[in-house]
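Topology and contacts: notes
Residue strings, one per chain:
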Amino acid sequence: MERNIEQAYEAARALYAAHGIDTDKAIERLQSIKISVHCWQGDDVQGFLFRGGGLGGGLAVTGNYPGAARTADELRADLEKALSLIPGKHKVNLHAIYADTDEKVDLDALEPRHFQSWVDWAKDQGLGLDFNPTCFSHPKASDGFTLSHPDPAVRRFWIDHCKASRKIGAYFGEQLGQTCVTNVWIPDGFKDAPADRLAPRIRLKEALDEVFAEKIDPAVHLDAVESKLFGIGSEAYVVGSHEFYMGYAIQKGTLLCLDAGHFHPTESIAGKMSALSLFTSGLLLHVSRPMRWDSDHVVILDDETQEIARELVRCGLLDRTHIGLDFFDASINRVAAWVIGTRSTLKALLRAMLEPADRLKQAELEGDYTTRLALTEEFKTYPFGAVWDYYCAKSGVPVRETWLDEVRAYERDVLAKRNG
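Residues numbered from 1 in each chain as written. Predicted model: local features only at pLDDT ≥ 70, side-chain atom pairs only at ≥ 80, totals over all residues. Heavy atoms only, no water.

1. Description of the pairing of strand 8 (residues 255-259)
- Along strand 8, five of the five residues are buried, which leaves the element largely enclosed by surrounding structure.
- Residue alternation in strand 8 divides its side chains into two sets, Leu-255, Cys-257 and Asp-259 and Leu-256 and Leu-258, and both sets are buried.
- Across four bridges, the pairing between strand 8 and strand 9 (residues 283-287) is parallel. Residue pairing for strand 9: Asp-259 is matched across the bridge by His-286.
- For the handedness criterion, the β-α-β arrangement of strand 8, helix 8 (residues 270-277) and strand 9 is classed as right-handed. (Buried < 20%, exposed > 50% of the residue type's maximum accessible area, 1.4 Å probe, protein only. Helix = DSSP H or I, 4+ residues; strand = E, 2+ residues; numbered from the N terminus. Pairing = 2+ DSSP bridges. Right-handed = clockwise from strand over helix to strand, strands pointing away.)

In structure tokens, the structure reads:
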């Protein structure tokens, strides 16, 4: 480790220690946190089951930066490169369309064996895996409805797909010794105002009840449900709204997924987390960066990401919250997107751990809002960057922007050759 990094860390450690903040303990805590890195950034949500079939479900990926992964092996290689530049040991989040198989198989017939190469790879890399049924980009979702579809046969297809997905997730947890979170999101909704808002929600509730009917050991597998405010093609009405899934998660004991881009543009999920923690079994976060709408921009160290991290740390929610990423940007290097987004999320968590939370809470309890505001502002310029640099160096990953040189070399030696 470079001497100047150690010296900067020692100086920072002393500053924080003056306020009773142990930087070594903060690093140790951060090292235990696993971010679920989403595979679909690497190939623009194409997957391998129905490659070239187009992206549905109101999703859109813009840009044509060269080097997108075309095979599971290429995608895994790209993930390895990204993860080698990020401190800590993490998880990878798969969608069902990323099955690695030569077999002709539809979504409702998927089995764990279709993902065996992912499990073998994750074991070799020391990673956990999370999972998602893919309720979009399929002919049976072309009219915008899946689990709430009025046609019982179509609805049955999607129920069977989600049931199969849970079995795959449970297999991941059993094989890897790390709990797999399987998250259900559907695009169902109407472009224009519906005549009946209730009937689709009754169908969705009944479908979910059947999907989750089989009990699975929570040590290996957890279920989550995810809402959305609106989407392309579902601007007027979404069946799986926040209110629907909040009620469902509380009643049924599933995790509730909060996606930073699935609410009103000025609505913060950070403010919801402490309230929901009182009534839900746990939370799943999809940390994203909405811009104007649910545009899934790469996560950066912005105010919203920092507020999410503060809520997790100050409210003691880290042990019952699963943190995943959800963005896709084809206008920049895709490996760099993973690195930027994951490192930014970890930076936000570290910065939150290095704030004088106990003293701020005490000042608030005493009605001393002057001290609360003054310390909050002063700590914004405390040298958390020196602690981050030390953590990166200690973890054997590049410090500061030097990781970009490795990504550029990988782009030149690997990614560029995919377009030849």
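2. Focus on the UniProt feature "binding site: Mn(2+)" (unreviewed entry) in the protein
- On the UniProt side, "binding site: Mn(2+)" (unreviewed entry) is annotated at positions that read His-262, Asp-294 and Asp-296 here. A maximum C-alpha distance of 9.8 Å among these annotated residues, which run over 35 residues, shows that they cluster at one spot.
- Relative to the assigned elements, His-262 resides in the loop between strand 8 and helix 8.
- With sequence-adjacent residues up to four places away left out, His-262 is seen in contact with Trp-185, Glu-226, Ser-227, Lys-228, Leu-229 and Asp-294.
- A distance of 2.6 Å separates a polar side-chain atom of His-262 from the backbone oxygen of Ser-227.
- By relative accessible area, Asp-296 is classed as buried at 4%.
- Each residue touching Asp-296, except ones within four places of it in the same chain, is listed here: Ser-288, Arg-289, Asp-326, Phe-327 and Phe-328.
- Separated by 3.1 Å, the side chains of Asp-296 and Ser-288 make a polar contact. (UniProt positions renumbered as here; feature names shortened; annotations may be inferred. Contact = heavy atoms within 4.5 Å. Polar contact = N/O pair within 3.5 Å; in protein donor to acceptor, adjacent residues only side chain to side chain.)

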